[in-house]
Amino acid sequence: MRTLKLGVLVAMLGAFGLMSVSGVGQGDLIPIVFQSKWFPQAQFAGYWVAGGHLPGESASGNVPTDDGLNFYAQEGLDVTILDGGSVNPSVNVAAGNADFGTDWMANMLVQREAGLDLVHIAQVFQVAGYLFVALGSSGIESVADFAGKNVGVWAFGNEFVSQACFAANGLTSDLDATVSNPDVNTTVYAFDPALVFPDSVDVASAMIYNELDQITGLGFPLNQLSVISAAASGCGLLEDFIFTTRELLESDDYKGTGLSGLEIASRFVRASLRGWEYAANNQTQAVEVVLDFCGDTCNGSGETQSPLIHQTWQMARIAEMVQPALMTDPAILALYGFGETPAETTYGCLSAADYANTVDLLEQIGLISAGVGDPANVTSSAVLDNIGVSC
């Protein structure tokens, strides 16, 4: 279901005084810490565009503002974004090092089973961007062809998608320590495909918005690659979303501010979703904002080494994942296995079907026990309901 655009909703809320923050100025803002899943890049553009910044720094001078205030400041918030390069986001938020975070559903559910009481409050990516990439000359055309091959995977919970895809296609792997003679061997690598592809692995894990562009930049154009989508292979898992702890969400007084945790979460999510909608519809400006915080991790490879070139590609793909109705390029549609542009979705909404499929896959491969993924315990619509987003 499509509802009012967030910009219209915000204007209406402001008109009725429902967003007012008394005496908002930089010294009055409530400090919030958000745990990213990786280093600054367009994957997190919505949070940067809304006014998020690195520790000790200020928001980009390129962010959209009203009366000089960025989206977070309009909500009375000052949002610091923590790098997530070698951090497990779910663990770090649960440990109290951040108030909110973004993660993939597989990792959060695994951490919940370990006892961390985390709650999904808004879904950002509406489609999964996880891919497997092989040389076109390899003869590898599907996950089933991975038998006897070496597949490059990532750590910190990112390997769960590969495990799900292997198992969904009847393959064992050395990611399961109980298997003595696996069908698939894996190589854990540090996210840069140039380190392993194509010399050390037959197949490399890749995100459509990042490593795929790096691989093509290394001199392997798409027409020389075999690109296999996890989603199109029936093993795509829910990716980036916003979560927090149940303790924060149910707090009556967030850190002595006099505001409930639900109110704080509502302000954060409302501003973040505004940032995402703005970024998706103003991609050039969003890239400028991201580049203000980028380090070497914003670079591509080879012909796409330039941070501007790589982040422009990344922002285009991210926008399509956040709002699939923006996906019109036949080549990109084909990578996802889509025959036509998907229908427009509502920013922040979680597909019950996608969630159920993710939980079913994780239960089937034994990553989580039955019942761990019960949506009544894992997800909450309280924040979206509170800000008037209808899913």
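Look up a bit, the structure's there.
Residues numbered from 1 in each chain as written. Predicted model: local features only at pLDDT ≥ 70, side-chain atom pairs only at ≥ 80, totals over all residues. Heavy atoms only, no water.

Caption draft 1: Representation of the packing of aromatic side chains in the model. The full count for this structure, using the stated rule, is 19 aromatic pairs. Ring centres of Trp48 and Phe293 lie 4.5 Å apart, and the angle between their planes is 25°; on these two criteria the pair is classed as stacked. Of this pair, Trp48 sits in helix α2 (residues 45-49) while Phe293 sits in the loop between α10 (283-291) and α11 (307-322), and the two are 245 residues apart along the sequence. The burial state of Trp48 is the same as that of Phe293; both residues are buried. Taking 6.0 Å as the distance between ring centres and 75° as the angle between the ring planes, the aromatic pair formed by Trp104 and Tyr130 counts as edge-to-face. Residue Trp104 is located in the loop between β3 (100-103) and α5 (105-113), and its partner Tyr130 is located in strand β5 (residues 130-135); the two are separated by 26 residues in the primary sequence. (Phe/Tyr/Trp six-rings, centres within 6.5 Å; stacked < 30°, edge-to-face > 60°. Helix = DSSP H or I, 4+ residues; strand = E, 2+ residues; numbered from the N terminus. Buried < 20%, exposed > 50% of the residue type's maximum accessible area, 1.4 Å probe, protein only.)

Caption draft 2: Examining the nonpolar core more closely. Counting residues in each nonpolar core, the largest one holds 117 residues, and the members touching the most others are Tyr47, Phe146, Phe268 and Val269. Here this core gets nine residues from one element, more than from any other, and that element is helix α9 (residues 261-281). For Phe268, the contacting residues outside a window of four places in its chain are Ile32, Phe34, Tyr47, Tyr72, Leu77, Val79, Phe100 and Ile242. (Core = buried A, V, L, I, M, F, W, Y, C linked by side-chain atoms within 4.5 Å. Contact = heavy atoms within 4.5 Å.)

Caption draft 3: The arrangement of α11 in detail. Taking 1.5 Å per residue, 16 residues should reach 22 Å; α11 reaches 21 Å between its end C-alpha atoms and fits that length. If you check which residues of α11 are buried, you get His310, Gln311, Gln314, Met315, Ala316, Arg317, Ile318, Ala319, Glu320, Met321 and Val322. Buried residues belonging to α11 abut α2, α7 (211-217), α9, α10 and α12 (330-336). (Expected span 1.5 Å × (residues − 1).)

Caption draft 4: Summary view of the sheet that holds strand β2 (residues 77-82). Strand order in the open sheet formed by five strands is β2-β1-β3-β10-β4, with mixed pairing between adjacent strands. On the outer flanks of this sheet lie β2 and β4 (118-123), each paired with one strand and no other. In this sheet, adjacent strand axes meet at a mean angle of 30° when their direction is disregarded. Taken together, the two bridges between strand β1 (residues 30-35) and β3 define a ladder with parallel strand orientation. Of the residues in β3, the one forming a bridge with Gln35 is Gly101. Across the sheet, α5 is in contact with β3, β4 and β10 (241-245); its angle to β4 comes to roughly 160°. (Pairing = 2+ DSSP bridges. Axes fitted to C-alpha atoms, helices over the stretch in contact; angles between N-to-C directions.)

Caption draft 5: Geometry of the pairing of β1. Pairing analysis gives six bridges linking β1 to β2, with the strands arranged parallel. Bridge pairing in β2 links Ile32 to Val79.

Caption draft 6: How the structure looks around the packing of α10 against α11. Two elements in contact, α10 and α11, have axes whose closest approach is 9 Å; the angle formed by their N-to-C orientations is 125°. Judged by the inter-axis angle, α10 sits oblique to α11. For the pair α10 and α11, the sense of crossing is right-handed. Facing α10, whose interface residues are Gln283, Ala286, Val287, Val290 and Leu291, α11 presents Pro307, Leu308, Gln311, Thr312, Met315, Ala316 and Ala319. Here the residues of the contact of α10 with α11 sort into nine nonpolar, three polar and no charged. (Parallel < 35°, antiparallel > 145°, perpendicular 65-115°, else oblique. Left-handed = near helix turned anticlockwise from the far one by under 90°. Nonpolar A, V, L, I, M, F, W, Y, C, P; charged D, E, K, R; others polar.)

Caption draft 7: Inspection of the environment of Val119 at higher detail. Mapped onto the elements, Val119 comes out in strand β4. On a C-alpha basis, the gap between Val119 and Leu248 in space is 9.8 Å, while along the polypeptide they are 129 residues apart. When sequence neighbours within four positions are dropped, the list of residues in contact with Val119 reads Met108, Ile242, Phe243, Thr244, Thr245, Arg246, Leu249, Val378, Thr379 and Ser380.

Caption draft 8: Spotlight on unusual backbone geometry. At the junction of Phe197 and Pro198, the peptide bond is cis and its omega measures out at 0° in the coordinates. A positive phi angle, close to 55°, is found at Asp67, a residue other than glycine. With respect to the element layout, Asp67 can be found in the loop between α2 and α3 (71-74). At Lys255, a residue that is not glycine, the phi angle is positive and equals roughly 50°. Within the element layout of this structure, Lys255 appears in the loop between α8 (246-249) and α9.

Caption draft 9: Layout of the packing of α5 against helix α13 (residues 352-364). Their axes nearest at 11 Å, the elements α5 and α13 cross at an angle of 60°. Judged by the inter-axis angle, α5 sits oblique to α13. When you trace α5 past α13, the crossing you get is right-handed. In contact with Met105, Ala106 and Leu109 of α5, α13 contributes Tyr355, Thr358, Val359 and Leu362.

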